[in-house]
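So you can see what is in the structure, the chains are spelled out below.
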Amino acid sequence: MTTATQKIPAGYKQTDIGVIPADWDVKQLKDLVLKVIDNRGKTPPYSSNPDVELIETASISFVTKYPNYSKITKFVSKKTYDNWFRAHPVKDDLLVSTVGEYSGSSAIMEDNRGTIAQNLIAIRLKDIDPTYAFYWTRSGNFKEQLDQVMMSQAQPSLRVPWLLDFYLNIPKSEEQTAITKVLSDTDELIEGLKNLIKKKKNIKQGAMQELLTGKRRLPGFSGEWKIELLPEVSWFQEGPGVRTSQFTHSGVKLLNGTNIYKGKLLLDNTNRFISESEAFGPYSHFLVDEGDIVIASSGITIDKFEEKISFAKKEHLPLCMNTSTIRFKVRDNLLDPMFLYYFFMSKKFKDQIGAQATGSAQLNFGPSHMEKVEIFLPKDKKEQTAITGILSDMDTEIEKLESQLTKYQNLKQGMMQVLLTGKIRLLSK
């Protein structure tokens, strides 16, 4: 929108990158750079000792503020650190990924620690609060400019000269500090919630380990537990693998392993259907029932297994099984369905299926593997229900915290949009 058609509010001005406060400046990133540290072409010899961390793209992302050193897998010796690289990042340097699907992701150096691989650059800045510059790399303004230079690339790659030509809004120093303080405080709140959620999940895992094995008994229960093979207490069925030629544009949705995500069935955006005549005809015995437990059985990892389990609910139906899925029904009222659901999340189940399943990093398994799984459970179904009630309450608490986290993350995005463009001012002029 041009100045001819756009009404500029009092105290604001039109620039090439939008309307900003009259007392703000617009500069290119290259005008604010003291030094660019670029180690491209410098593949170092790695060290088996964790002397110096080699920060790579995997250690930064679009959601972290500082490098995540827990994701670092490569190290270099002190001798290599001193003699191999062109230079090293220091505290407050801005890190930007230049290669791969995470091109444009960023972080800021929290301290003088480690060095960078050739898929990252470090930018040392002048005349700007480095934390303000970091938040700018997460803004809509930055993303728009990034998208413009990346659209023509067959393989994602961000060239340094392109990045240095990006424009950014710059308020006075005091306002930069005020903006970064608000956003940093929000980040701390978000990180605190993430840590609390992680702690609650660890507590739940510990409770499952004790309650689902009988190591800890609930008050009022003292009856025996028994070991059963899974087929003795649960019926299960693998998806048939509907042929691509049978897919239709509408009809009955098909359930694939990819539709099970973070413990939920995500079917709204599915583009795989089978005709009603086939779904209620030859494939009728593969129609999912309300209350079925469904599991993805291909391309999953043990540490993320609990995210690939879900209950089928009424709003999901009608739904037809397809490839990479197994569904379960408890037999003859011998087993609380929720107990089976939590058993699938337990270490005991993961150990058993992991020992049998094919694949290395990603596992693939089927009914033949399930037939050998042993489940340890109370004979008294009331004890099963009591155990699952405690675990369900823990899940409810975690879900509330995760919902709160999402709200805070959305709030932060909205704050960035208005604070980094000057739509809302924190300091009077």
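About the criteria used
- Residues numbered from 1 in each chain as written.
- Predicted model: local features only at pLDDT ≥ 70, side-chain atom pairs only at ≥ 80, totals over all residues.
- Heavy atoms only, no water.
- Patch = residues over 30% accessible without salt bridge, like charges linked within 9 Å, V, L, I, M, F, W, Y side chains within 5 Å.
- Areas by Shrake-Rupley, 256 points an atom, 1.4 Å probe, with all protein chains shown as cover.
- Salt bridge = Lys/Arg side-chain N within 4 Å of Asp/Glu carboxyl O.
- Helix = DSSP H or I, 4+ residues; strand = E, 2+ residues; numbered from the N terminus.
- Pairing = 2+ DSSP bridges.
- Core = buried A, V, L, I, M, F, W, Y, C linked by side-chain atoms within 4.5 Å.
- Buried < 20%, exposed > 50% of the residue type's maximum accessible area, 1.4 Å probe, protein only.
- Contact = heavy atoms within 4.5 Å.
- Axes fitted to C-alpha atoms, helices over the stretch in contact; angles between N-to-C directions.
- Parallel < 35°, antiparallel > 145°, perpendicular 65-115°, else oblique.
- Left-handed = near helix turned anticlockwise from the far one by under 90°.
- Nonpolar A, V, L, I, M, F, W, Y, C, P; charged D, E, K, R; others polar.
- Phe/Tyr/Trp six-rings, centres within 6.5 Å; stacked < 30°, edge-to-face > 60°.

Asks: What am I meant to see in a nonpolar patch on the surface here?
Replies: On the surface, a cluster of nonpolar side chains totalling about 300 Å² of accessible area is made up of F62, V63 and Y102. Looking at the secondary structure, you find Y102 in the loop between β7 (94–97) and β8 (106–108).

Asks: Please clarify how the sheet that holds strand β14 (residues 247–248) should be interpreted in this entry.
Replies: Adjacent strands of a sheet form backbone hydrogen bonds with each other and so pair up, either parallel or antiparallel. Spatial strand order, β14-β18-β15-β22: four strands in an open sheet with mixed pairing. Of all the strands in the sheet, just β14 and β22 (319–321) have a single pairing partner and so form its edges. Relative to β22, strand β15 (residues 252–255) runs parallel, the two sharing three bridges. Across the sheet, K253 pairs through a bridge with L319, a residue of β22.

Asks: What's the story with the nonpolar core in this structure? I'm lost.
Replies: The tendency in soluble globular proteins is for nonpolar side chains to be buried side by side. Judged by nonpolar contacts, the single largest core of 55 residues is most densely connected at L230, L255, F328, L340, F344, F365 and M370. Among the elements that line this core, the one with the most residues is helix α8 (residues 337–345), at seven residues. With near-sequence residues (within four places) excluded, F365 lies in contact with E238, I295, A296, S297, I300, F305, I326, I353, A357 and M370. The next biggest cluster of nonpolar side chains, apart from the first, holds 34 residues, and it includes L29, V33, A133 and L146.

Asks: Would you mind showing me how to read the packing of helix α5 (residues 173–211) against helix α11 (residues 381–419) here?
Replies: Two quantities define a packed helix pair, namely the angle between the helix axes and the distance between the axes. Two elements in contact, α5 and α11, have axes whose closest approach is 10 Å; the angle formed by their N-to-C orientations is 165°. Judged by the angle between their axes, α5 and α11 are roughly antiparallel. Read as a crossing pair, α5 and α11 show a hand that is left-handed. By residue class, the composition of the contact of α5 with α11 is 23 nonpolar, three polar and nine charged.

Asks: Before we go on, may I ask you to explain the packing of aromatic side chains in this structure?
Replies: For any pair of aromatic rings, geometry is given as the distance between the ring centres together with the angle between the planes. Counted according to the given criterion, the structure contains 15 aromatic pairs. Seen in terms of ring centroids, W136 and F142 are 5.0 Å apart; in terms of plane orientation they differ by 80°. Their pairing is edge-to-face. Of the two residues examined, W136 and F142, each falls in the buried class. Ring geometry for W225 versus F339: centroids 6.5 Å apart, planes at 65°, classification edge-to-face.

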